[in-house]
Amino acid sequence: MSLEKAKQVAAFRAVDEFVKSDCVFGVGSGSTVVYAVQRLAERVELEHLKVVCIPTSFQAKQLILKHNLKLGELDTNPIIDVTIDGADEVDSNMTLIKGGGGCLLQEKIIASCSKALIVIADYTKDSVKLGDRYKKGIPIEVIPMAYVPIKNKVLAMYGGEIKLRSAIAKAGPVVTDNGNFILDWMFTNQDLDWEQVNTSVKMIPGVVEIGLFVKMCSKAYFGQPEGTVVER
Ligand code: 5RP
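All of these numbers come straight from a predicted model, not from anything done at the bench. (Residues numbered from 1 in each chain as written. Predicted model: local features only at pLDDT ≥ 70, side-chain atom pairs only at ≥ 80, totals over all residues.)

A. View of the site of the ligand. Around the ligand, a shell composed of 17 residues is seen, among which G30, S31, G86, G100 and G101 lie nearest. Breaking the shell around the ligand down by element, the ones donating at least two residues are helix 2 (31–47) and helix 4 (104–112). (Near = placed C-beta within 6 Å. Helix = DSSP H or I, 4+ residues; strand = E, 2+ residues; numbered from the N terminus.)

B. Highlighting the nonpolar core. Membership of the largest hydrophobic core comes to 63 residues, with the highest contact counts inside it found for A10, A14, V27, A36, V119, I120 and I140. Each residue touching A14, except ones within four places of it in the same chain, is listed here: A36, I84, I118, I120 and Y221. (Core = buried A, V, L, I, M, F, W, Y, C linked by C-beta atoms within 7 Å. Buried ≥ 20, exposed ≤ 12 C-beta atoms within 10 Å, placed from the backbone. Contact = placed C-beta atoms within 7 Å.)

C. Region of the structure containing the environment of P225. Mapped onto the secondary structure, P225 falls in the loop between strand 13 (219–223) and strand 14 (229–231). Through-space distance from the C-alpha of P225 to that of D122 is 8.3 Å; in sequence the pair is 103 residues apart.

D. Structural detail: the sheet that holds strand 14. Pairing is mixed across the open sheet formed by seven strands, whose spatial order is 3-2-1-4-7-13-14. Edge positions in the sheet fall to strand 3 (70–71) and strand 14, since each has one partner strand and no second. Bridge count between strand 2 (residues 51–55) and strand 3: two bridges; the pairing is parallel. Considered in strand 3, the bridge of C53 is made with L71. (Pairing = 2+ DSSP bridges.)

E. Quick peek at the packing of helix 1 (residues 3–18) against helix 2. Put simply, helix 1 and helix 2 touch, their axes get as near as 8 Å, and they point 45° apart. Between helix 1 and helix 2, the interaxial angle falls into the category oblique. The two elements helix 1 and helix 2 meet at a crossing, and its hand is right-handed. Of the residues in helix 2, those in contact with K7, Q8, A10, A11, F12, A14 and V15 of helix 1 are S31, T32, Y35, A36, R39, L40 and R43. Classifying every residue of the contact of helix 1 with helix 2 gives eight nonpolar, three polar and three charged. (Axes fitted to C-alpha atoms, helices over the stretch in contact; angles between N-to-C directions. Parallel < 35°, antiparallel > 145°, perpendicular 65-115°, else oblique. Left-handed = near helix turned anticlockwise from the far one by under 90°. Nonpolar A, V, L, I, M, F, W, Y, C, P; charged D, E, K, R; others polar.)

Rendered as structure tokens:
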């Protein structure tokens, strides 16, 4: 069973359990969400469900349009019934690292407007402590002019290593959908209080968002190598 199949079974299960007619649906970002939107489109067609989709990224918006689903926005739908999104890592407290695809800001805004945030992932994302399995660190979206002082402040507070994200070696920095840069913080202390880290990093002027999702996710589906799904 491939990793792709593991993503697909998790995505299909979550859409089947959580999407109902007359629902406002938050569409996450990443490769696993592609399967969720595919399943949603099948169900909308077969069951004539009425669903308004709110995207978390340019990618999510393109997926919604490609499948001829109804596109909405927070201006008209500020309360979302359920958001289904991927994650880079989920620890035993359901704290998430998100933003591997650089969409952490919109993903967190949409999650904060959702009655439920459901994570879909393959088995490699299921972890006990953050950093056990995901080695690329926690993304921090920052205003470009402030990336150096922010980097120094985070390192002074918590240590570790920080890299400015770039698309390929020697290319310029990755620019998010919102025109910002991303710092990837490779933390070394896995026993930090993530709620406190979330708050204190966000307090640094120039930090737009951090890809730590604390107490936001109510359920996770992990597709397994043999094609089953583990729920948490
Ligand atoms: C993008 C994200 C993604 O949801 C996360 O990176 C997981 O992606 P994938 O489903 O491709 O593993 O947070 O910012």
